[in-house]
Amino acid sequence: MKASGPGCTCGVTLVLLSLLAVLHATTAQKNDISIYSFTVDSKVSSRFAHTVVTSRVVNRAETVQEATFQVELPKRAFITNFSMIIEGVTYPGNIKEKAAAQEQYSAAVARGESAGLVKATGRKTEQFQVSVNVAPAAKVTFELVYEELLKRQLGVYELLLKVQPQQLVKHLQMDIHIFEPQGISFLETESTFMTSELANALTISQNKTKAHIQFKPQKTAGQLDKVLGGNFIVRYDVNRTLSGGSIQIENGYFVHYFAPEGLPTIPKNVIFVIDKSGSMSGRKIQQTREALIKILDDLKPNDQFNLISFSGDVTHWKPLLVPASPENVGQAKRYAANIEAQGGTNINNAMLTAVRLLQSANQKELLSDGSVSLIILLTDGDPTVGETSPARIQKNVQKAIDGQYSLFCLGFGFDVSYVFLEKLALDNGGLARRIYEDSDSALQLQDFYQEVANPLLTAVNFEYPDNAVDKVSQDNFRLLFKGSEIVVVGKLRDQSPDVLSAKVRGQLHMQNITFQTESSVAEQEKEFQSPKYIFHSFMERLWAYLTIQQLLEQMVSASGAEKQALETRALNLSLSYSFVTPLTSMVVTKPEGEQRSEVAEKPVETRNKHKNFHTSHHSFSRFPPVGDTMHRKTAGPSRRIPSDPWRDGLRGPPNAPLYPLYLTPREPDMMLAPSIPGEVLQGEDLRARDVAPARAPAVASDPVTGRLWEKKASGNSTDLSQRAKATSSPALIQAPPVILMLPGQSVNRLCVDIKHSQGPMKLLSDPDQGIEVTGQYETEKAQFSWIEVTLKNLQLQVRASPEHVVVTQNRRNSAYKWKEMLFSMMPGLNMTMDKTGLLLLSSADKVTVGLLPWDGPGEGLRLLLRDTDRFSSHVNGTLGQFYQDVLWGPPTEADDSKRTLRVQGRDYSATRLVKLDYQEGSPGTEISCWSVEL
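Reading guide: rules and limits
Residues numbered from 1 in each chain as written. Predicted model: local features only at pLDDT ≥ 70, side-chain atom pairs only at ≥ 80, totals over all residues. Heavy atoms only, no water. Helix = DSSP H or I, 4+ residues; strand = E, 2+ residues; numbered from the N terminus. Buried < 20%, exposed > 50% of the residue type's maximum accessible area, 1.4 Å probe, protein only. Areas by Shrake-Rupley, 256 points an atom, 1.4 Å probe, with all protein chains shown as cover. Disulfide = S-S within 2.5 Å. Pairing = 2+ DSSP bridges. Axes fitted to C-alpha atoms, helices over the stretch in contact; angles between N-to-C directions. 1 Å grid on protein atoms, 1.4 Å probe; cavity = no way out; pocket = protein on both sides within 12 Å on 5 of 7 lines; lining within 4 Å. Points joined across faces, edges and corners; volume = space filled by probe spheres on them. Nonpolar A, V, L, I, M, F, W, Y, C, P; charged D, E, K, R; others polar. Core = buried A, V, L, I, M, F, W, Y, C linked by side-chain atoms within 4.5 Å. Contact = heavy atoms within 4.5 Å. Left-handed = near helix turned anticlockwise from the far one by under 90°. Phe/Tyr/Trp six-rings, centres within 6.5 Å; stacked < 30°, edge-to-face > 60°. Lys NZ or Arg CZ within 6 Å of the ring centre and 35° of its normal. Polar contact = N/O pair within 3.5 Å; in protein donor to acceptor, adjacent residues only side chain to side chain. Parallel < 35°, antiparallel > 145°, perpendicular 65-115°, else oblique. pLDDT = per-residue confidence, 0-100. Expected span 1.5 Å × (residues − 1). Arc of directions from axis to C-beta.

Looking at the overall build of the chain
Within the chain, the regular secondary structure consists of 13 helices and 52 strands. Taken over 934 residues, the chain has a buried fraction of 60%. Summing over all exposed atoms, the chain offers an accessible surface of approximately 36,500 Å²; the carbon and sulfur share of this is 48%.

Structure follows, in structure tokens:
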């Protein structure tokens with residue numbers, strides 16, 4: 001899905017979850033508060049995003065009304081400023097130490113008022129909301145500013161804006177400016193509210209180091225006649241080489257990004273510790289089994305592994321770690337498939353058992369030199385059996401591991417004590433992650449594993465000349481994984497050298513390695529002087545932001561005087577740079593006569609459920625940020641995005657039917673099926689017919705009854721609806737699994753009914769196009785349980801199930817709900833979905849593949865094709881065979897509604913029947929087609 005630039009073999013995909021702007025105006029529609037301007041401006045300077053959300057409203061009522069401003073922002077972002085301008089008076093937000101704001105906070109709570117202005121609202125977001133009374137005809141301007149250093153996950157940087165005004169807005173605009181001195185290697189966009197009508201409102205301009213993305217719909221063009229709402233995502237990558245990274249300098253501060261390309265992965269020894277207690281029963285254990293089976297498939301031959309499952313008791317699959325051979329992986333998958341949930345939760349014994357397995361393997365010299373040992377714990381609850389004190393478990397595990405292995409903790413759902421798991425992981429060189437209980441939980445588990453599946457370096461240390469730098473952030477790291485990035489920031493000394501040099505030391509599998517790099521201070525300072533693409537002194541703020549984040553993380557594992565010192569330093573930085581962090585609060589003042597102040601505090605992960613947490617996923621990251629899915633298209637300089645020709649083309653002229661599977665001839669000598677039963681063409685060279693006008697329809701609709709009538713050569717007509725009812729009554733007319741337009745025809749269709757299916761079917765395969773379509777058809781239910789489209793040239797896979805669509809590329813999964821708008825452009829591919837659920841995968845020179853959920857008679861997934869003249873002569877498969885030479889036999893003497901269809905030397909019986917065309921969604925329309933059973 002990604003086209004790398006010159007010299008770049010692995011993309012750093014910046015997950016710019018930095019823009020999530022939501023203006024909530026449900027009350028506005030009720031009380032005449034009108035939003036006349038809504039803008040989002042984000043400047044991304046060297047991965048650091050500075051975002052300003054501005055909303056202007058007016059009270060058109062004759063009485064005082066309440067206006068509500070609501071914005072969603074990333075959890076990793078810090079609010080830096082908020083203000084309201086009312087009748088020319090500015091009411092700013094003031095950031096204070098949390099204790100200093102506590103009096104106002106407590107007073108508001110005592111009055112029974114909602115004092116918290118910020119709350120967790122999504123997997124990666126939190127919501128800021130404030131309300132204010134507006135006098136008649138008065139205007140209010142709300143402005144919120146937040147900042148975030150974008151973290152690389154699975155090779156992706158992603159910027160997500162969520163626009164949801166819930167009313168028409170006269171002026172709506174989004175501007176994203178990106179400046180990356182390393183060079184932008186690819187750029188893509190994705191939206192859940194874009195349509196072909198809005199495509200021209202999106203413009204993308206890009207050169208080597210800069211990009212500008214603007215979305216500006218025009219009311220004069222009819223683009224603002226509908227209420228817009230949904231996500232807008234920008235993903236991009238930067239150029240990288242096998243070097244010591246990129247050092248960038250601005251205004252006396254530096255940032256060092258390190259993610260070298262081309263390093264081989266280090267073999268790993270991994271133990272999966274799986275909670276199978278009673279609380280994991282049902283959907284949780286089912287998804288865990290599903291994810292574990294997929295993860296085991298991703299183990300490399302030189303890896304070693306074992307499985308531990310625990311409830312009240314602890315069970316390990318094998319007495320020792322075993323190589324990840326096909327035989328061992330197969331046995332482990334069968335073991336994982338039979339894990340059942342019951343009993344209590346003995347986390348302490350499970351963890352100590354995992355450590356003992358690694359220690360035993362190490363003592364027996366079974367671990368390869370230079371390999372990396374990981375323990376991955378998945379649990380959904382608190383310890384209830386054996387040692388139940390979280391503090392003692394943390395102490396026991398840390399003592400047992402003794403810095404030799406890395407522990408990663410996954411907390412499933414909100415019943416688990418996340419604080420306990422976070423400390424457990426950070427104490428032992430790993431990290432914790434919450435797995436959200438949703439339909440894509442298995443994908444979340446897989447994505448997390450992919451983050452740690454490919455270790456590249458261990459014991460990574462950064463070295464800078466003592467006379468050159470000061471106030472350097474964390475500069476030593478236990479592990480570097482493929483798809484991630486290490487960031488070090490610091491301040492230059494007053495008398496620093498003209499060139500800043502750095503060494504990065506680490507360990508590969510069997511050897512030590514040193515990277516060296518240097519950067520000219522004067523040249524770097526000059527590069528960042530363009531005010532259009534940066535905000536001033538951004539690197540100093542980047543330094544403060546990252547330092548605060550690291551201090552907060554270190555506080556989790558610290559205690560006593562050390563913890564107090566870390567907290568004091570983090571607090572002072574938060575106040576100095578006006579960041580709303582867990583240590584500070586922002587007091588929002590209001591006009592006299594209202595509640596005088598409210599307090600905004602940054603939410604932190606809690607022990608149990610967030611009451612207001614919404615679990616339905618709108619991510620695009622990872623379902624993403626699990627991050628996160630999904631058409632990507634590289635934009636050239638100053639290019640305006642065209643409307644979607646594939647979606648429009650499939651619709652055809654006004655009032656024309658939208659055929660679910662549209663076949664046009666690939667070879668000129670294909671035989672045409674007779675448009676009129678009784679007219680038979682045999683052995684005729686049809687090269688000239690490829691450009692001949694379409695014949696008159698063989699089926700006409702009575703304008704009064706709506707019945708379908710089939711023309712005969714004799715001039716008589718047969719009521720196909722009645723004939724179908726006579727032969728199939730009282731059964732309902734069904735929608736076939738697949739409808740194919742016959743080669744060379746514009747009206748006749750081939751309805752394919754699959755009566756015999758054992759296991760996955762290869763539906764289509766064209767090696768020249770790089771397209772392969774497989775599916776699992778359940779004959780008992782007469783439906784596809786899944787369909788998978790693989791685009792080999794893009795290394796992309798789209799797997800559709802009745803539940804959702806999962807797009808996988810570069811080890812990253814993005815999941816999408818059916819019937820949610822999607823308009824995605826990426827290098828080499830466009831992907832769109834409309835409200836009917838029609839998902840189209842298209843590009844300029846490829847066959848267009850469509851997938852559709854069908855909930856009418858014969859429910860299940862449906863497949864559509866377009867531009868099939870682009871198939872090569874090597875196309876094959878259960879459906880692909882119909883794109884080869886097709887010959888029709890004469891009608892039988894007794895019934896002209898039956899034909900023999902010969903495809904590649906095999907004869908099929910074709911019968912003229914009435915079926916449901918599912919293209920426009922349920923309930924479908926009746927059509928006459930040639931029905932073939934496979």
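Now that the structure is up, let's keep going.
Some thoughts on the state of the cysteines
Following the criterion strictly, the structure yields 1 disulfide and no others. The disulfide bridge from Cys-751 ends at Cys-929, spanning 2.0 Å between sulfur atoms. Given an S-S torsion of about -115°, the disulfide between Cys-751 and Cys-929 has left-handed geometry. On the criterion of sequence distance, the pair formed by Cys-751 in strand β37 (residues 749–753) and Cys-929 in strand β52 (residues 925–933) is long-range, its members being 178 residues apart. When its relative accessible area of 0% is taken as the criterion, Cys-751 is described as buried.

Focus on the pairing of strand β1 (residues 33–45)
Within β1, 11 of the 13 residues are buried, which leaves the element mostly enclosed by the surrounding structure. Relative to strand β2 (residues 48–59), β1 runs antiparallel, the two being bridged by 12 bridges. Considered in β2, the bridge of Asp-41 is made with Val-52. The turn joining β1 and β2, which pair antiparallel and follow one another in sequence, is formed by 2 residues; a positive phi near 50° is taken by Ser-46. In the sheet, β1 pairs with strand β10 (residues 171–179) via 9 bridges, with the strands oriented parallel.

Some remarks on the sheet that holds strand β24 (residues 455–463)
Strands sit in the order β26-β24-β28-β29 across an open sheet of 4 strands; the sheet is antiparallel. With partners counted over all chains shown, the strands left at the sheet margins are β26 (476–481) and β29 (512–520), one partner each. Strand after strand, the sheet turns through a mean of 30° between neighbouring axes, direction not considered. In this structure, β24 lies alongside β26, joined through 5 bridges in antiparallel fashion. Of the residues in β26, the one forming a bridge with Asn-461 is Asn-476.

Structural notes on the pairing of β52
If a strand is regular, its side chains alternate between the two faces of the sheet. Note that β37 and β52 share 4 bridges and pair parallel. Across the sheet, residue Leu-750 finds its bridge partner in β52, namely Trp-930. As defined by bridge partners, strand β51 (residues 906–917) adjoins β52 across 8 bridges and the pair is classed as antiparallel. Bridge pairing links Ala-910 to Val-932 in β52.

Remarks on the environment of Gln-153
Take Gln-153: it is sitting in the loop between β8 (139–149) and β9 (157–163). In the structure, Gln-153 is positioned 331 residues away from Ser-484 in sequence and 5.4 Å away in space, judged by C-alpha atoms.

Observations regarding empty space enclosed by the protein
In this structure, the largest cavity spans a volume of roughly 110 Å³. Every residue along the wall of the largest cavity is listed here: Phe-272, Ile-274, Thr-288, Ala-291, Leu-292, Ile-295, Ile-376, Leu-378, Leu-410, Leu-445, Phe-448 and Tyr-449. Elements that contribute at least two residues to the lining of the largest cavity include exactly β17 (268–275), α3 (283–297), β21 (372–379) and α8 (441–452). Among the elements that line the lining of the largest cavity, the one with the most residues is α3, at 4 residues. In terms of residue class, the lining of the largest cavity is made up of 11 nonpolar, 1 polar and no charged.

Brief notes about the nonpolar core
The nonpolar side chains of a soluble globular protein tend to be buried, and buried together. With 63 residues, the main nonpolar core has Phe-82, Phe-128, Phe-142, Ile-178, Ile-213 and Phe-215 as its most contacted residues. In terms of residues, this core owes the most to one element, β1, which gives 5 residues. Not counting residues within four places of it along the chain, the set of residues in contact with Phe-142 comprises Val-53, Thr-54, Ser-55, Val-57, Ala-67, Phe-69, Phe-82, Ser-83, Met-84, Val-130 and Val-132. Ranked by size, the runner-up nonpolar core spans 50 residues in total, among them Leu-763, Leu-796, Val-805 and Leu-839.

Let's talk about the packing of α3 against α8
Direction vectors running N to C along α3 and α8 enclose 35°, while the axes themselves pass 8 Å from each other. For the crossing formed where α3 meets α8, the hand is right-handed. Each of Gln-287, Thr-288, Glu-290, Ala-291, Lys-294 and Ile-295 in α3 lies in contact with α8, whose residues at this interface are Ser-441, Ala-442, Leu-445, Gln-446 and Tyr-449. For the contact of α3 with α8, the per-class residue count stands at 5 nonpolar, 4 polar and 2 charged.

Notes on the sheet that holds strand β6 (residues 118–120)
Taken together, the 3 strands give an open sheet; going across it, the order is β3-β7-β6, and neighbouring strands pair in antiparallel fashion. Both outer strands of the open sheet, β3 (65–74) and β6, are each paired with one neighbouring strand and no more. Neighbouring strand axes in the sheet, compared pairwise and without regard to direction, differ in orientation by 25° on average. Of the strand pairs in this sheet, β6 and strand β7 (residues 125–134) are connected by 3 bridges, and their pairing is antiparallel. In the strand pairing of β7, Ala-120 is matched with Glu-126.

Notes on the packing of aromatic side chains
On inspection of all chains with the given rule, the structure shows 28 aromatic pairs. In this structure, Lys-491 is placed above the aromatic ring of Tyr-253, and the distance from its NZ or CZ to the ring centre is 5.7 Å.

Examining the environment of Glu-803
Here Glu-803 lies in the loop between β41 (796–800) and β42 (804–809). Residue classification places Glu-803 among the partly exposed residues on the basis of a relative accessible area of 43%. With 13 residues separating them in the primary sequence, Glu-803 and Tyr-816 have C-alpha atoms 9.2 Å apart. Here Arg-283 takes part through its side chain, which lies 3.0 Å from a polar atom of the side chain of Glu-803.

What to know about the packing of α3 against helix α4 (residues 326–337)
α4 packs onto α3 with a crossing angle of 175° between their chain directions and a minimal axis gap of 9 Å. With respect to α4, the axis of α3 lies roughly antiparallel. Contact residues: α3 offers Arg-289, Leu-292, Ile-293, Leu-296 and Asp-297, while α4 offers Val-329, Ala-332, Lys-333, Ala-336 and Ala-337. Residue classes in the contact of α3 with α4 are distributed as 7 nonpolar, no polar and 3 charged.

Considering the environment of Ser-34
Considering the arrangement of structural elements, one finds Ser-34 in strand β1. In the structure, Ser-34 is positioned 105 residues away from Lys-139 in sequence and 9.5 Å away in space, judged by C-alpha atoms.

Notes on the confidence of the model for the chain
Of the residues in the chain, 78% have a pLDDT of 70 or more, and the chain-wide mean is 79. Overall, residues 1–30 carries pLDDT values under 50, and its contacts beyond four positions in sequence, including any with other chains, amount to 156 contacts. Counting contacts from residues 608–730, a segment whose pLDDT is below 50, to residues more than four positions away or on other chains yields 386 contacts.

Comments concerning unusual backbone geometry
The residue Arg-47 is not glycine, and still its phi comes out positive at about 75°. By secondary structure assignment, the location of Arg-47 is in the loop between β1 and β2. The backbone phi angle of Asp-402 is positive, close to 55°, even though this residue is not glycine. With respect to the helices, strands and loops of the structure, Asp-402 is situated in the loop between α6 (390–401) and β22 (406–412).

Quick notes on helix α11 (residues 560–576)
For α11, built from 17 residues, the straight-helix expectation of 24 Å at 1.5 Å per residue is met to within 8% by its first-to-last C-alpha distance of 25 Å. Among the residues of α11, those classed as buried are Leu-566, Ala-570, Leu-571, Leu-573 and Ser-574. Take α11 and look down its axis: the buried residues cluster within an arc of 165°, on one side only. More than 90 degrees from the buried face of α11, the exposed residues found are Ala-561 and Ser-576. Positive phi shows up at Ser-578, right after α11, with a value of about 55°.

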